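# Notes for the structure review
So the chains spell out like this:
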Amino acid sequence: MEILAKANNNSLDSDSIHLWDFSGYNSITTERVPELSQKVPMKWYLDSSHYNTEVGDLILELMLNNTQTSANITQDFGTVIDQNNIEKHLEILRTEQADYRQKNPQLIQKIEKLLK
């Protein structure tokens, strides 16, 4: 955060640099993974760790225009982080993680089993 603040303070340009976080627990990152037998594509992902082009376009729209004009954009995706909100943002992520684990115990067990 210090590097970002320093860069923005030293910038002669009126546009400041923003740090975005698109991780966490939201309607895109917590999309349900279909069972292998279902053979249906996911809405937001190409595979287990890569967003599809639609999400990439959404990220660019948010970062470049700071707007959510597309009908497909969910209001819970993408957060601008700065030195004033980083601690609160991290606290929210920890709370959301605990909530997700509590609401999805079977999924958590499945993942833990895969990691063994």
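Refer to the preceding data block for the structure.
Described in the following lines is the structure provided in the data block. (Residues numbered from 1 in each chain as written. Predicted model: local features only at pLDDT ≥ 70, side-chain atom pairs only at ≥ 80, totals over all residues. Heavy atoms only, no water.)

## Examining the layout of surface pockets
Remark: the empty space left among the atoms is shown by a probe the size of a water molecule rolled over them. Looking at the largest pocket, its volume works out to about 870 Å³. The wall of the largest pocket is formed by 22 residues, among which Glu 31, Arg 32, Val 33, Met 42 and Leu 107 lie closest to the centre. Sort the elements by how many residues they give to the lining of the largest pocket and helix 4 (residues 105-115) lands first, with five residues. For the lining of the largest pocket, a count of residues per class yields 11 nonpolar, six polar and five charged. A volume near 150 Å³ is recorded for the second largest pocket. Taken together, 13 residues make up the lining of the second largest pocket; nearest its centre are Tyr 25, Asn 26, Asp 76, Thr 79 and Glu 96. (1 Å grid on protein atoms, 1.4 Å probe; cavity = no way out; pocket = protein on both sides within 12 Å on 5 of 7 lines; lining within 4 Å. Points joined across faces, edges and corners; volume = space filled by probe spheres on them. Helix = DSSP H or I, 4+ residues; strand = E, 2+ residues; numbered from the N terminus. Nonpolar A, V, L, I, M, F, W, Y, C, P; charged D, E, K, R; others polar.)

## Comments concerning the nonpolar core
Counting residues in each nonpolar core, the largest one holds 11 residues, listed as Trp 20, Phe 22, Ile 28, Met 42, Trp 44, Tyr 45, Val 55, Leu 58, Ile 59, Leu 62 and Phe 77. With near-sequence residues (within four places) excluded, Met 42 lies in contact with Glu 31, Arg 32, Val 33 and Pro 34. (Core = buried A, V, L, I, M, F, W, Y, C linked by side-chain atoms within 4.5 Å. Buried < 20%, exposed > 50% of the residue type's maximum accessible area, 1.4 Å probe, protein only. Contact = heavy atoms within 4.5 Å.)

## What to know about a nonpolar patch on the surface
Taken together, the side chains of Leu 60, Met 63 and Leu 64 make up a nonpolar region of the molecular surface, amounting to roughly 320 Å² of accessible area. Considering the arrangement of structural elements, one finds Leu 64 in helix 2 (residues 53-65). Its relative accessible area of 66% is what places Leu 64 among the exposed residues. (Patch = residues over 30% accessible without salt bridge, like charges linked within 9 Å, V, L, I, M, F, W, Y side chains within 5 Å. Areas by Shrake-Rupley, 256 points an atom, 1.4 Å probe, with all protein chains shown as cover. Salt bridge = Lys/Arg side-chain N within 4 Å of Asp/Glu carboxyl O.)

## A short note on the pattern of salt bridges
Under the criterion given, the structure shown has three salt bridges. Two residues, Lys 110 and Glu 35, come together in a salt bridge whose shortest N-O distance is 3.5 Å. Here Glu 35 lies in the loop between strand 1 (19-21) and helix 2 and Lys 110 lies in helix 4, a separation of 75 residues in the sequence. The partner of Arg 101 in a salt bridge is Glu 112, with the nearest N and O atoms 3.1 Å apart. Pair noted here: Arg 101 is in helix 3 (residues 86-103) and Glu 112 is in helix 4, with a separation of 11 residues, a long-range link. A relative accessible area of 40% means that Arg 101 is categorised as partly exposed. Using a relative accessible area of 37% as the deciding quantity, one classes Glu 112 as partly exposed.

## Some thoughts on the packing of aromatic side chains
Taken as a whole and judged by the stated rule, the model has five aromatic pairs. Centroid distance Trp 20 to Phe 22: 5.5 Å. Interplanar angle 5°. Geometry classified as stacked. Trp 20 sits in the buried class, given a relative accessible area of 16%. Both rings, one in Tyr 51 and one in Phe 77, keep their centres 6.0 Å apart while their planes meet at 85°; by these two values the pair is edge-to-face. Within this pair, whereas Tyr 51 is found in the loop between strand 1 and helix 2, its partner Phe 77 is found in the loop between helix 2 and strand 2 (79-81), the two being separated by 26 residues in sequence. Of the residues examined, Phe 77 reaches a relative accessible area of 0% and is grouped as buried. Ring pairs connect the aromatic residues Trp 20, Phe 22, Tyr 45, Tyr 51 and Phe 77, which therefore count as one cluster. (Phe/Tyr/Trp six-rings, centres within 6.5 Å; stacked < 30°, edge-to-face > 60°.)

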